[in-house]
Amino acid sequence: MTPIRAKTMGAPLTRLNGPAKVTGTAPYAFEHQVQRPTYAHPIQATVARGRVREMDTAAAEKLDGVVAVLTVFDAPELSDTSDGELSILQDDRVHFRGQLIGAVIAESLEIARHAAGLVRVDYAEEPHDAELRADHPRLYAPETMLEDKPTDTEEGDVDAALATAAVTVDQTYTTPLEHNNPMEPHASIAIWDETAGTPQVTLYDSTQGVHVVRKTLAPIFGLEPDQLRVIAPHVGGGFGAKGAPHAHNVLVLLAAQRSGGRPVELALTRQQMFALVGYRTSTIQRVRLAADPSGTLTALSHEVIEQTSAVKEFAEQTAVASRMMYATPNRRTTHRLAPLDVPVPFWMRAPGLCPGMFATEVALDELAGACGVDPLELRVRNEPRTDPETGNPWSGRRLIDCLRTGAERFGWADRDPLPRNRIDGRWLLGTGVAAATYPASANPGNAARIAYRPDHRYTVQIGAADIGTGTWTALTQIAADALDRDTDAIDLQIGDTDLPVATVAGGSSGLSSWGTAIVAAARAFRDRHGENPSPGAEVTVEAPENKDADRFAIHSFGAQFAEVAVDRDTGEIRVPRMLGVFSIGRAVNARTLRSQLIGGMTMGLSMALHEESVRDPRFGHIVTQDLATYHISTHADVHDIDATWLEETDEHANPMGARGAGEIGIVGAAAAIANAVHHATGVRVRDLPITGDKLLD
């Protein structure tokens, strides 16, 4: 695949939509101006499993300003109820606490919320199971994992290698439930218009993919795709949670059918998001490593237990990086799920690889200590020449370069390898390293339209999403280079299903997928209309298939370094320095790229020290339902975080030569901090988050 010449790409162009955001003129989902809006507030189940026997709506319906009340007994019928998460209000069954069982539609948010609290619900409660355990009696192997990855893999004789190895590690690592918590809560405005006879539906939504929302929701309501328009020009974060519709999207459309043609606005509260829009599953991971005295791996086993929902399966591919990250002749990976009476897990930044590489990268640190080998050098010694999973050559694996570059910048050579050997007053000091990887994905099914205007500018249209990552700016740079014009000549239009089809912003696939479509359209435009097009000249082109995707292993890599200071009396942990060095192909926009990498590393810091959603198994609900009790990193936690990348172009990834960087910044960050904490204190914490009590114990 021939990369385009970079004239604008790589420059730190400031965000083109920045002025609209800082002046408050950029409309988010709940802010679009509609005529005579109504407001919906959900009614949620307060038991974890059972049946709704009765919903007394009399008091709510008498309240001034209430337009309608929806319940499981009288909601409009859905055309497709095959999706267990989305087929809400279609029967009286309760599958988890917090499940949507109704809604109040009213003239104001306050009236709707008050009226929802007046609805009295009687349940026939049943025993529930909401606790993940390693010995859960209903553990099972799903048919496939996320991204159609095989559930289990095995090569060689792992058990024999473990039994005869000179050095082994056999430990269990756990990660807790985590919630995405984007700044903009999930919100929608639905307009159901039947004045023309057949429904014409408009949905303003906070989503990572407008076309994904339409493709998913239209069949559920018996609509043709062109009957449902989804609009999302500005999105205030998602981190995976907005990568597909959730039950609240169905609820607002059901409410719009009952509102008499008036728009219905629905914004989830922060508390409601903890039950309705997905989360990262907790994991129990047993990692076993075998090595010779030099630290060269002879076997790797990574066995994962995690949870899914009894109402709908979500199988996260947590051990997938262990299949390709390091060389070893004997390898086993397995996944087992416990189906619980809980909400459905979903994507969260770097799904699978983020929690999975916490376990393996901490295990490698333990192996380095057992072998007396520098942990950075141990990773170098186990570098595979080709992809262990597929046997394909790498499109560009520069992990060793990332490790060496980072070590030089971080001052790794001066590190005393002995734990608990650096003390500054009451502080124990330590440093740690971990590797990172993420696949360079590009989804099929993208198209772009380019038209030349009388004002000598180019309109570039694609139904992509900017979730705060700088997509608007980066795609403009790609289009400018592909058309050999300045960015001022480009008018990019995104975030609407009236525009050509685009896949989701997720899995570090967005820019690669959409950019490929734009480059293909630009090349077709220039081939057809030349250097001096006439006003009105236009082309619409689908992105071509990347034939190199099956012939090369295309992944991004990185090295994470962290320094910690631990109070030896209280266990308080501070992180004075973090450094990430990444191999991600060509930088499309240096400013937004650095922002993405630092943002991911900050989330990794949160994962290491703070983030934990606590579920009370007695009642099945999350106790930590706000940002006061669900802790994330604040400015006081983030001292000196720096991210850099290698100068390169991956000619096998896409025409831009880029591999995506939205996910990889978080991968490995928590492990680097955990390894630094061990180096500082001599205490090995294998259960996230790392809190002072675990160090004092």
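Residue positions within a chain follow its written sequence, with the count starting from 1. Residue-level local features of this predicted model are given only where pLDDT is at least 70; pairs of side-chain atoms are given and counted only at 80 or more, and the full residue set underlies all totals for whole chains, interfaces and linings. Heavy atoms throughout the structure, all of them, feed into the side-chain values; hydrogens and water do not.

Here the focus is the environment of Gly-369. Helix and strand definitions follow DSSP, with helices as H or I runs of at least four residues and strands as E runs of at least two, each counted in order from the N terminus. Along the chain, the position of Gly-369 falls in helix H8 (residues 353–371). Summary of the burial criterion: residues with accessible area below 20% of their type's maximum are buried, those above 50% are exposed, and those between are partly exposed, where the area comes from a 1.4 Å probe applied to protein chains only. Accessibility expressed as a relative area gives 57% for Gly-369, which makes it exposed. Sequence separation of Gly-369 and Pro-419 is 50 residues, and the distance between their C-alpha atoms is 9.7 Å.

All right, on to the sheet that holds strand E22 (residues 555–567) then. Across the sheet, 5 strands lie side by side as E16-E17-E22-E23-E26; this open sheet has mixed pairing. A strand with exactly one partner marks an edge of an open sheet, and here the two such strands are strand E16 (422–424) and strand E26 (640–645). The mean angle between the axes of side-by-side strands here comes to 25 degrees, regardless of whether they run parallel or antiparallel. Strand direction decides the pairing type here: strand E17 (residues 427–439) and E22, joined by 13 bridges, are antiparallel. Paired with Ala-434 across the two strands is Gln-560, which belongs to E22. Whether two residues are in contact is decided by their heavy atoms: any pair within 4.5 Å suffices. Here an angle of 0 to 180 degrees is reported between the N-to-C directions of two axes, which are lines fitted to C-alpha atoms, with helices fitted over the stretch in contact. On the sheet, helix H10 (residues 399–410) packs against E17, E22, strand E23 (573–583) and E26 and is oriented at approximately 30 degrees with respect to E22. Strands are treated as partners if at least two bridges between them are detected by DSSP.

On to the pattern of salt bridges. Two side chains that carry opposite charge are able to pair once their charged atoms sit near each other. A side-chain nitrogen of Lys or Arg and a carboxyl oxygen of Asp or Glu constitute a salt bridge if their distance falls within 4 Å. What the rule picks out here adds up to 45 salt bridges. Across the salt bridge formed by Asp-83 and Lys-312, the nearest N and O atoms sit 2.9 Å from each other. Taken together, the positions of Asp-83 in the loop between strand E3 (66–71) and strand E4 (93–94) and Lys-312 in the loop between strand E14 (297–309) and strand E15 (331–340) put the pair 229 residues apart, joining distant regions of the chain. When its relative accessible area of 21% is taken as the criterion, Asp-83 is described as partly exposed. The shortest N-O distance in the salt bridge between Asp-642 and Arg-594 comes to 3.2 Å.

Moving on, we get to the state of the cysteines. Disulfide: a covalent bond formed between the sulfur atoms of two cysteine residues. For this text, the term disulfide refers to a pair of cysteine sulfurs within 2.5 Å. The final tally for this structure, using the stated rule, is 0 disulfides. Lacking any disulfide linkage, Cys-354 is separated from the closest cysteine sulfur, that of Cys-402, by 18 Å. Judged by relative accessible area, which is 2%, Cys-354 ranks as buried.

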